[in-house]
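The residues making up each chain are set out below.
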Amino acid sequence: MIMEKGLSPVEVLPSKSSQVTAVKVEVKEPETKQTQRGKRVGFVLVHAGAGYHSESKAKEYKHVCKRACQKAIEKLQAGALATDAVTAALIELEDSPFTNAGLGSNLNLLGEIECDASIMDGKSLNFGAVGALSGFSLAAFKRNKRKLELAEKVETDLIHLKKRRQSNEKENDSGTLDTVGAVVVDQEGNVAAAVSSGGLALKHPGRVGQAALYGCGCWAENTGAHTPYSTAVSTSGCGEHLVRTILARECSCALQMEDAHQALLETMQNKFIGSPFLANEDGVLGGVIVLRSCRCSAEPASSQEKPTLLVEFLWSHTTESMCVGYMSAQDGKAKTHISRLPPGAVAGQSVAIEGGVCRLESPES
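Summarised in this report is the structure supplied together with it. (Residues numbered from 1 in each chain as written. Predicted model: local features only at pLDDT ≥ 70, side-chain atom pairs only at ≥ 80, totals over all residues. Heavy atoms only, no water.)

## Side note on the overall build of the protein chain
Filter applied, for reference: Labels follow the DSSP assignment, with helices taken as runs of H or I lasting at least four residues and strands as runs of E lasting at least two, numbered in each case from the N terminus. We call two residues contacting when some pair of their heavy atoms lies within 4.5 Å. For the area figures, the Shrake-Rupley method with a 1.4 Å probe applies, and any residue is considered shielded solely by the protein chains shown.
Looking only at helices and strands, the protein chain has 7 helices and 15 strands in total. For the protein chain, the proportion of contacts with a sequence separation of at least 24, taken over those separated by at least 6, is 73%. With the model as given, the accessible surface of the protein chain reaches about 16100 Å², and the carbon-plus-sulfur share is 51%.

## Topic: the pattern of salt bridges
Let me state the cut-off plainly: Salt-bridge detection follows one rule: a side-chain nitrogen of Lys or Arg within 4 Å of a carboxyl oxygen of Asp or Glu.
All told, the structure shown has 7 salt bridges when counted by the stated rule. A salt bridge links Arg 292 to Glu 312, with the nearest nitrogen and oxygen atoms 2.7 Å apart. A residue pair is termed long-range when its members are at least 10 positions apart, and Arg 292 in strand 11 (residues 286-296) and Glu 312 in strand 12 (residues 308-317) qualify at 20 residues.

## Focus on unusual backbone geometry
Positioned with a positive phi, Ala 132 is a non-glycine residue whose angle comes to about 50 degrees. The residue Ala 132 is located in strand 6 (residues 127-133) in this model. Phi is positive for Ile 246, close to 45 degrees, though the residue is something other than glycine. Residue position: Ile 246 is located in the loop between helix 5 (239-245) and helix 6 (247-254).

## Quick look at helix 1 (residues 58-77)
Where we set the bar: Multiply 1.5 Å by the residue count of a helix minus one, and that product is the helix's expected span. Between buried and exposed lies partly exposed: a residue is buried under 20% and exposed over 50% of the maximum accessible area for its type, with that area taken using a 1.4 Å probe on protein chains only.
End to end, helix 1 covers 29 Å across 20 residues, agreeing with the expected 28 Å (1.5 Å per residue, within 8%). Residues of helix 1 that are buried include every one of Ala 58, Tyr 61, Val 64, Cys 65, Ala 68, Cys 69, Ala 72, Ile 73 and Leu 76, and no others. Downstream of helix 1 by a residue or two, Gly 79 has a phi angle that is positive, lying close to 90 degrees.

## So, the side chain of Asp 331
How we decide: The sign given to each residue is positive for Lys and Arg and negative for Asp and Glu; His and the chain ends receive no count. Counted as a polar contact is a pair of N or O atoms within 3.5 Å, where, for protein atoms, one must be capable of donating a hydrogen and the other of accepting one, and residues adjacent in sequence contribute only when both atoms are in side chains.
Within the secondary structure, Asp 331 sits in the loop between strand 13 (321-328) and strand 14 (335-340). Despite its burial, Asp 331 remains without a salt bridge, the nearest opposite charge being carried by Lys 335 at 4.9 Å. Engagement of the side chain of Asp 331 in a polar contact is seen with the backbone nitrogen of Ser 328, the distance being 3.0 Å.

## A word on the side chain of Thr 227
Looking at where Thr 227 falls in the secondary structure, it is placed in the loop between strand 9 (218-221) and strand 10 (230-237). Thr 227 sits in the buried class, given a relative accessible area of 12%. There is a polar contact of 2.7 Å between the side chain of Thr 227 and the backbone nitrogen of Gly 224. Apart from the residues within four sequence positions on either side, Thr 227 is in contact with Glu 221, Asn 222 and Gln 256.

## Section: helix 6
Rules: What the arc describes is the spread of directions from the helix axis to the C-beta atoms.
Of the positions making up helix 6, those classed as buried are Leu 247, Ala 248, Cys 251, Ser 252 and Ala 254. The buried side chains of helix 6 occupy one side of the element, clustering within an arc of 165 degrees when seen end-on. At its buried positions, helix 6 is contacted by strand 9, strand 10, helix 5, helix 7 (260-273) and strand 11.

## Let's talk about the sheet that holds strand 6
The line we're drawing: Strand pairing is defined by DSSP finding a minimum of two bridges between the two strands. A fitted line through C-alpha atoms serves as each axis, taken over the contacting stretch for helices, and the angle formed by two N-to-C directions is quoted from 0 to 180°.
Spatially, the 7 strands line up as an open sheet ordered 6-5-8-7-4-13-14, and their pairing is antiparallel. Either end of the sheet is taken by a strand with one partner, and the two such strands are strand 6 and strand 14. Mean inter-strand twist for the sheet, computed between neighbouring axes without regard to direction, equals 10 degrees. In the sheet, strand 7 (residues 180-185) pairs with strand 8 (residues 191-197) via 6 bridges, with the strands oriented antiparallel. Paired with Val 183 across the strands is Ala 193, a residue of strand 8. Along the sheet, helix 2 (residues 82-94) makes contact with strand 4 (43-51), strand 5 (115-121), strand 7 and strand 8, crossing strand 7 at roughly 155 degrees.

## Let's talk about the nonpolar core
Heads up, the rule is: Buried residues of nine kinds, namely Ala, Val, Leu, Ile, Met, Phe, Trp, Tyr and Cys, make up a nonpolar core once their side-chain atoms join them within 4.5 Å.
Core analysis: the biggest nonpolar cluster contains 45 residues, and Phe 43, Leu 45, Leu 264, Phe 272, Val 290 and Val 311 have the highest contact counts within it. Residue contributions to this core peak at 6 residues, all from helix 7. If we skip the residues at most four places from it in the chain, Val 290 touches Leu 45, Ala 232, Val 233, Cys 251, Leu 255, Leu 264, Glu 312, Phe 313 and Leu 314. Within the second largest apolar cluster, 29 residues are counted, among which are Val 64, Cys 69, Ile 73 and Met 327.

## Notes on the packing of helix 6 against helix 7
This is how the line gets drawn: Here a crossing is taken to be left-handed if its near helix is turned anticlockwise relative to the far helix by less than a right angle, and right-handed if that turn runs clockwise. In this count, Pro and Cys sit with the nonpolar residues alongside Ala, Val, Leu, Ile, Met, Phe, Trp and Tyr, while Asp, Glu, Lys and Arg are called charged and the others, Gly among them, polar.
Contact pair helix 6 / helix 7: the axes reach a minimum separation of 9 Å and the direction vectors enclose 140 degrees. Here the hand of the crossing between helix 6 and helix 7 comes out right-handed. When helix 6 is examined against helix 7, the residues Leu 247, Glu 250, Cys 251 and Ala 254 are found in contact with a partner set consisting of Ala 263, Leu 264, Thr 267, Met 268, Lys 271 and Phe 272. Taken together, the residues of the contact of helix 6 with helix 7 sort by class into 7 nonpolar, 1 polar and 2 charged.

See the structure below:
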């Protein structure tokens, strides 16, 4: 496997709007050969939400992303489909009290859990989702004391509760997170994407966010007659902003351009922050992880030509930070990273982009 990674200095790009600062962070790596650890190839990229990730809990955020990657890769190495692998990653992300999904979900105004989630298969283009899914017991939230306390006090004093929640977040340095997600490509080049969310904190019962909506929470589409690249996208952030811009679908379409990095930057800048549908918003908050892949060959002059799966992966956010993890089926362990806006950049008005490229060579028969 050949990985290309490494951070270059931040470059501030001009924008059509004086209120928008687009921060371009490019990632490249020196080419290094790695030992193939399995007979199958594949790649997974996950995120633990776009929002604010405190330094005090950085280890926990990275750890859950690492576990999610490992679960997905275990599936791929066993010959599972991309949809099975992306599901395994989501389950791991949902089982953490540090994410706003599943076990760690925010509570609504009634102190109840209502989750949104969706998954899309790039091969069949099938899409499935649930919205405002309830029926969870608060007993499962004993590991998250702050949220349990919030649920018990909602009926008594809502205004005081909101102020207390904000105060607790500052005292505990816990910050605000959102939707988790994953994108996967398997050995056959099939892609899949998934997303899961507990929704806004103290939301109205029945509120449905982008995680449950077609083209907004996730998107996956294999290469076809009009799509030279297979693409997979998973979003996170303010659901209302992501729904009104149909961001997952917009990113997928943009990734068919030759330069994936530039295409994603322009989409986040022009179709998200600069969207006319969000013109009245003071700040536009969201993040995405994207993956695109294609089949290619080794050097044309090589007599030992082997099929290669070229995978480009990127993450971008307008929030203060975003935690991601990625791993190939030929890696020994997952890599994790918390991407942050540089000093001086304003959340909701700035865009950060990072990513990399990996070439997955088919193993020897």
